[in-house]
Amino acid sequence: GENVEQHPSTLSVQEGDSAVIKCTYSDSASNYFPWYKQELGKGPQLIIDIRSNVGEKKDQRIAVTLNKTAKHFSLHITETQPEDSAVYFCADDAGGTSYGKLTFGQGTILTVHP
Amino acid sequence: ETGVTQSPTHLIKTRGQQVTLRCSSQSGHNTVSWYQQALGQGPQFIFQYYREEENGRGNFPPRFSGLQFPNYSSELNVNALELDDSALYLCASSLQGEGGEAFFGQGTRLTVV
C-alpha cells in the first residue's frame, strides 16, 4: 500500500494487562494485513494476519480486527507476558501484481513489566 | 525458525565500495523480496524477484540491484556505497499469489564507514 500509520510508538503495560496497537492505511486496494514481532537482533516474525474478507481473527492470546470502511486494523494482545516485549509492526499488501510487497508501519515498542 | 537464511550476518564496508548480500528462501517458496530497515524504523521495500526477474521496485536508486537463481535463492548488490546505506537488510520469501505470507530471515547488518 501507499502509507501505513501506526500508533502508539511506545506502549508500556503490566504483566496480565491487555495491549492494543492500531494502524491506518491509505491504499484502498490493500487486501492483506500481517503483523510482525521483531526481537532485538532478529528479523521480523509473522505472528498473525488478516485478509480483507474477514473482520476479525484470533489465535490464542492475540487477535486482529479489520475495518475496511475506515481503513484501519488493530492488534490485540491479552494476558500479556514479559516475553511479549518486542517491537511490533503492522503492514499491508495491495495484492494484484503487488503480492509480497509490504508497506510497514513505523513500529510500536511494547514493554511488559513483570 | 523460518527457514530463510541470510549471509553474512554483519558486514563493514567503506564508502564507495560495493557489497553483495545473499538469501536462501524457504523450501517451496518461489519469490524473494528485499527490505532495508534503518535503525528505529519499519522495513522499506527495495525490490522483489519472481521467476528470476525483478517483479516490482520501491523507491531505491539503480545502484541497488539483485538477482534470483533457479533454486530461488537471491542476491542483493549495492554499488557506490553511501553512509546512509548503513542499515539492516532483510529478505523475505513467499509463494507468489494470494495467500503468500512473507517470512523473513534474520537480516544482514551493513555498516558503511
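Scroll up to find the structure this text is about.
Residues numbered from 1 in each chain as written. Chains lettered and ligands numbered in written order. Predicted model: local features only at pLDDT ≥ 70, side-chain atom pairs only at ≥ 80, totals over all residues. Heavy atoms only, no water.

Can you lay out the pairing of strand 6 (residues 53-57) of chain B for me, pointing to particular residues and giving the numbers?
Residue and element names in this part refer to chain B. Here strand 5 (residues 44-50) pairs with strand 6 via three bridges, running antiparallel. When the bridges of strand 6 are listed, Phe-47 appears paired with Arg-57. Joining the antiparallel neighbours strand 5 and strand 6 is a turn of two residues, in which Arg-51 adopts a positive phi near 55°. (Pairing = 2+ DSSP bridges. Helix = DSSP H or I, 4+ residues; strand = E, 2+ residues; numbered from the N terminus.)

Mind laying out the state of the cysteines, listing which residues take part and the relevant values?
If you walk through the whole model with that rule in mind, you get two disulfides over all chains. The disulfide that involves Cys23(A) links it to Cys90(A), with 1.9 Å between the sulfurs. When the S-S torsion is -100°, as for the bridge of Cys23(A) with Cys90(A), the disulfide is left-handed. Within this pair, whereas Cys23(A) is found in strand 3 (residues 19-25), its partner Cys90(A) is found in strand 9 (residues 86-92), the two being separated by 67 residues in sequence. Side by side, Cys23(A) and Cys90(A) carry an identical accessibility label, which is buried. What pairs with Cys23(B) in a disulfide is Cys91(B), and their sulfur atoms sit 1.9 Å apart. On the sign convention where negative means left-handed, the S-S torsion of about 65° between Cys23(B) and Cys91(B) marks this disulfide as right-handed. Here Cys23(B) is found in strand 3 (residues 19-24), whereas its partner Cys91(B) is found in strand 9 (residues 87-94), with 68 residues between them in sequence. For the pair Cys23(B) and Cys91(B), one class covers both residues: buried. (Disulfide = S-S within 2.5 Å. Buried < 20%, exposed > 50% of the residue type's maximum accessible area, 1.4 Å probe, protein only.)

Outline the sheet that holds strand 1 (residues 4-7) of chain A, supporting the account with residue identities and numerical values.
Sheets are built from strands paired through backbone hydrogen bonds, the pairs being either parallel or antiparallel. All names here are of chain A. With antiparallel pairing, five strands are arranged side by side in an open sheet as 1-3-8-7-6. With one partner strand each, in any of the chains shown, strand 1 and strand 6 (56-59) form the two edges of the open sheet. Neighbour-to-neighbour, the strand axes of this sheet turn through a mean angle of 15°, independent of strand direction. Note that strand 7 (residues 62-67) and strand 8 (residues 72-77) share six bridges and pair antiparallel. Paired with Val-64 across the two strands is Leu-75, which belongs to strand 8. (Axes fitted to C-alpha atoms, helices over the stretch in contact; angles between N-to-C directions.)

Tell me about the environment of Pro61(B), residues and numbers included.
You can see Pro61(B) is positioned in the loop between strand 6 and strand 7 (64-68). For the pair Pro61(B) and Leu110(B), spaced 49 residues apart in sequence, the C-alpha separation works out to 17 Å.

Any details on the nonpolar core? Residues and values, ideally.
Of all hydrophobic cores here, the largest spans 23 residues; its most connected members are Trp35(A), Phe73(A), Leu75(A), Tyr88(A) and Leu110(A). Among the secondary structure elements, those contributing two or more residues to this core are strand 2 (10-14), strand 3, strand 4 (32-38), strand 5 (45-51), strand 7, strand 8, strand 9 and strand 11 (108-113) of chain A. With four residues, strand 3 of chain A is the single largest residue contributor to this core. Aside from chain neighbours lying at most four places away, what touches Leu110(A) is Leu11(A), Val13(A), Ala19(A), Ile77(A), Asp84(A), Ser85(A), Ala86(A) and Tyr88(A). Val4(B), Trp34(B), Phe60(B) and Leu110(B) belong to the second largest nonpolar core, which has 19 residues in total. (Core = buried A, V, L, I, M, F, W, Y, C linked by side-chain atoms within 4.5 Å. Contact = heavy atoms within 4.5 Å.)

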